[in-house]
Amino acid sequence: MPPSNLKLASLQPRVSIRPGVGILSVLRHLNYKAWFAMAEFVDNSLQSYLQNREQLQELHGKDFRLKVEIEIERSDEVRIKIRDNAAGIGISDYARAFRPAELPADRSGLAEFGMGMKSAACWFAPRWRVRTSALGEAVERTITLDIDTIVRDDIEELDVVEAPAPVNDHFTEITLIDPYDKLQTKTGSKIKDHLASIYRIFLRERTLELWFNRESLSYEIPKILVAPYYKTPTDASLRWYREFSFDFGLGLKASGFAALREVASTSTAGFALFRRKRLIEGSLDEPYRPEFIFGTGNSYRKQRLIGEIHLEGFDVSHTKDGFQWEDHEQPFLELLHEELETQSLPLLSQAEGYRARLAQRELKAEAEKASARVAETLQKEAPRVLEQQSAAQPFLERLPESVPPDQSASSRVIEVDHRGAKWRITIELAMDPAVEDWLTITDKPPSRGAPREITVRMSLVHPFMQQFCRADSAEIEALARVAAALGLAEITARDAGVPQYGTIRRNLNQLLREAFSKP
């Protein structure tokens, strides 16, 4: 080994991590979500690349892009590795990078709090290591942090292991050792999907190439609705997409687009809010859906309205998962509402009023799938139940006048006049898992001028509902209408003198529970 290398390898440089060593033990308890914690590492990589893009492209050519790879290694000890080909951590930034609560000189980028790598690494794992080689420095540096030992022994300086490296090497590799959360399949999958959502702008611009467990991440905007305005269905179709930009003073600005999804989605419709091209609020299945814009309950707006909004002039939380609105959110929403409901393209009205109809070919294809599944269930599950029903005694039930109280999800009472008599009808959507039947009916005769009281109760937690009905108001409404129709049809059949009027409901309840609730 050349003398210069011997000298380099023999040195044992140290880096100071004081003051604030005690902070490191507290970082484990930050209110992070795994994807936002992981995003801190990507932020640092992006910031390093963007600050040094000219030098990197001068070295590698104009097509050079940032590449960040995240890999979960599972052996005797789980390790999470985050590698990048950015400019590395240079000697001028090295001490600051490991010292708690020290702000960077430039706070205009993605790494503005000086805590991202430290807070995320301590949140993820009790031990972590950083290996880096900075562009233009012929040395590779490695530092290992054992948080429990550092805090227990009040260690204020850490050893840095240095080794020679080519001057044009540039990378950073962070290894999280034995993480608290082992990131099993479900959590790992959510991190992957959220990261694609958070960095969609950089991925779209091809600034960033992001990999998770050797899978390249990408993000696609949902297909945009192309249809006539619902009030004028014979007019030409419109593409329900609108770009906007507005300034509401004090250096606060908003720009972006809003649109309507072609296919409704209860879980993923909504807005994504960005600052400096990086998503802050509204990632994936956690969309930003303020009531002022989207209304209450499970409105149709919540199923179709989407958008990407870039905000300027706002501060964010130190975990970068929320905006600090102060008193400015309502003015922002009022201006946004105006942009969304312009006369030329009233997105909110269309979202609320439009109802999709499948094309005949699509309808036929979906009908084929549905009928095949129903036929399979009939063949597999129904014969046994039908045999029981054929052998059963005639059903001579007298309808009860009331049902036990239930923690209902919803209850509505209406009064109608029927052949000169008043009926008070209660439609109840029940949540009690102890209720066996999908459909329950009560009938209390009128007395002393009081109306006849009828209750039609549908169970939302019945096995059939849990198997086939999502938490979607449109689907619940459709089935509630069927239940109400069946219930009232039984009442009127009994009034007309139809014998054994409850047999259909009894058999329906049994078939739904024992046969048609099966997947």
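Attention here is on the structure that accompanies the text.

Definitions and cut-offs
Residues numbered from 1 in each chain as written. Predicted model: local features only at pLDDT ≥ 70, side-chain atom pairs only at ≥ 80, totals over all residues. Heavy atoms only, no water. Helix = DSSP H or I, 4+ residues; strand = E, 2+ residues; numbered from the N terminus. Buried < 20%, exposed > 50% of the residue type's maximum accessible area, 1.4 Å probe, protein only. Contact = heavy atoms within 4.5 Å. Areas by Shrake-Rupley, 256 points an atom, 1.4 Å probe, with all protein chains shown as cover. Pairing = 2+ DSSP bridges. Axes fitted to C-alpha atoms, helices over the stretch in contact; angles between N-to-C directions. Lys, Arg positive; Asp, Glu negative; His and termini not counted. Salt bridge = Lys/Arg side-chain N within 4 Å of Asp/Glu carboxyl O. Polar contact = N/O pair within 3.5 Å; in protein donor to acceptor, adjacent residues only side chain to side chain. Parallel < 35°, antiparallel > 145°, perpendicular 65-115°, else oblique. Left-handed = near helix turned anticlockwise from the far one by under 90°. Nonpolar A, V, L, I, M, F, W, Y, C, P; charged D, E, K, R; others polar. Arc of directions from axis to C-beta. Phe/Tyr/Trp six-rings, centres within 6.5 Å; stacked < 30°, edge-to-face > 60°. Lys NZ or Arg CZ within 6 Å of the ring centre and 35° of its normal.

**Some thoughts on the overall build of the chain**
Consideration 1: Counting its regular elements, the chain contains 17 helices and 23 strands.
Consideration 2: Taken across its 519 residues, the chain has 44% of its residues classed as buried.
Consideration 3: A fraction of 69% describes how many contacts in the chain between residues 6 or more apart in sequence connect residues 24 or more apart.
Consideration 4: Summed over its atoms, the accessible surface of the chain is roughly 27300 Å², and 51% of this surface lies on carbon and sulfur atoms.

**Comments concerning the pairing of strand β3 (residues 79-84)**
Consideration 1: Both strand β2 (residues 66-73) and β3 contribute to a ladder of six bridges, which runs antiparallel. Bridging from a neighbouring strand, Glu73 pairs with Arg79 of β3.
Consideration 2: What sits between β2 and β3 in their antiparallel hairpin is a turn of five residues.
Consideration 3: Alignment of β3 against strand β8 (residues 171-177), held across six bridges, turns out to be antiparallel. Counterpart to Ile80 in the pairing with β8 is Leu176.

**As for the sheet that holds strand β9 (residues 208-212)**
Consideration 1: Reading across from one edge, β7-β5-β4-β8-β3-β2-β9-β10 is the order of the eight strands in this open sheet, with mixed pairing throughout. At either margin of the open sheet sits one strand with a lone partner, and together these are β7 (161-164) and β10 (215-216).
Consideration 2: Both β2 and β9 contribute to a ladder of five bridges, which runs parallel. Counterpart to Val68 in the pairing with β9 is Leu210.
Consideration 3: Set on the sheet, helix α3 (residues 34-51) makes contact with β2, β3, β8 and β9; between it and β2 the angle comes to about 155°.
Consideration 4: This element, helix α8 (residues 185-198), spans β2, β9 and β10 of the sheet and lies at about 170° to β9.

**Concerning the side chain of Glu281**
Consideration 1: Structurally, the position occupied by Glu281 is in strand β16 (residues 278-281).
Consideration 2: Of the side chains bearing the opposite charge, Lys33 lies closest to the buried Glu281, which forms no salt bridge; the N-O distance is 10 Å.
Consideration 3: One polar contact links the side chain of Glu281 to the main-chain amide nitrogen of Phe323, over a distance of 2.9 Å.
Consideration 4: When near neighbours in sequence (up to four residues on either side) are disregarded, Glu281 contacts Phe271, Ala272, Leu273, Tyr288, Asp321, Gly322, Phe323 and Trp325.

**A few points about the side chain of Glu428**
Consideration 1: Summarising the element assignment, Glu428 is placed in strand β21 (residues 421-430).
Consideration 2: By relative accessible area, Glu428 is classed as buried at 12%.
Consideration 3: Only 2.7 Å separates the side chain of Glu428 from the side chain of Arg457, close enough to count as a polar contact.

**A few points about the packing of α3 against helix α4 (residues 53-60)**
Consideration 1: For the pair α3 and α4, the least separation of the axes is 5 Å and the interaxial angle reads 75°. The orientation of α3 with respect to α4, classified from their angle, is roughly perpendicular. Contacts between α3 and α4 pair Tyr49, Leu50 and Gln51 from the former with Arg53, Gln55, Leu56 and Gln57 from the latter.

**Focus: the packing of α3 against helix α6 (residues 116-124)**
Consideration 1: Where α3 meets α6, the closest approach of the two axes is 9 Å, and the angle between their N-to-C directions is 140°. Where α3 crosses over α6, the two elements pack in a sense that is left-handed. Contacts from Ala34, Ala37, Met38, Glu40, Phe41 and Asn44 of α3 reach α6 at Gly116, Met117, Ala120, Ala121, Trp123 and Phe124.
Consideration 2: A per-class count over the contact of α3 with α6 returns nine nonpolar, two polar and one charged.

**Some words on helix α5 (residues 91-98)**
Consideration 1: Among all positions of α5, only Tyr94, Ala97 and Phe98 are buried. An end-on view of α5 places all buried positions within 75° of arc, on one side of the element.
Consideration 2: Packed against the buried residues of α5 are β1 (14-16), α6, β4 (127-133) and β5 (139-146).

**Observations concerning the environment of Arg204**
Consideration 1: Residue position: Arg204 is located in helix α9 (residues 200-204).
Consideration 2: Taking the relative accessible area as the measure of exposure, Arg204 reaches 39% and is therefore partly exposed.
Consideration 3: Residues Arg204 and Ser218, spaced 14 residues apart in sequence, show a C-alpha to C-alpha distance of 7.9 Å.
Consideration 4: Leave out the neighbours within four places in its chain, and Arg204 touches Tyr219, Ile221 and Glu308.
Consideration 5: Polar contacts involving the side chain of Arg204 include one to the side chain of Glu308, which spans 2.9 Å.

**As for the packing of aromatic side chains**
Consideration 1: Under the counting rule described, the total for this entry stands at 21 aromatic pairs.
Consideration 2: Ring centres of Trp123 and Phe124 lie 5.1 Å apart, and the angle between their planes is 80°; on these two criteria the pair is classed as edge-to-face.
Consideration 3: Judged by its relative accessible area of 1%, Phe124 is buried.
Consideration 4: Aromatic pair Tyr241 and Phe257: ring centres 5.0 Å apart, planes at 25°, arrangement stacked. Of this pair, Tyr241 sits in strand β13 (residues 241-247) while Phe257 sits in strand β14 (residues 253-260), and the two are 16 residues apart along the sequence.
Consideration 5: Overall, the relative accessible area of 26% leaves Tyr241 in the partly exposed class.
Consideration 6: Residue classification places Phe257 among the buried positions, given a relative accessible area of 8%.
Consideration 7: Across the ring face of Tyr94, the terminal group of Arg141 is positioned such that the distance to the ring centre comes to 5.7 Å.
Consideration 8: One cation-aromatic arrangement involves Arg239 over Tyr241; the distance from NZ or CZ to the ring centre is 4.8 Å.

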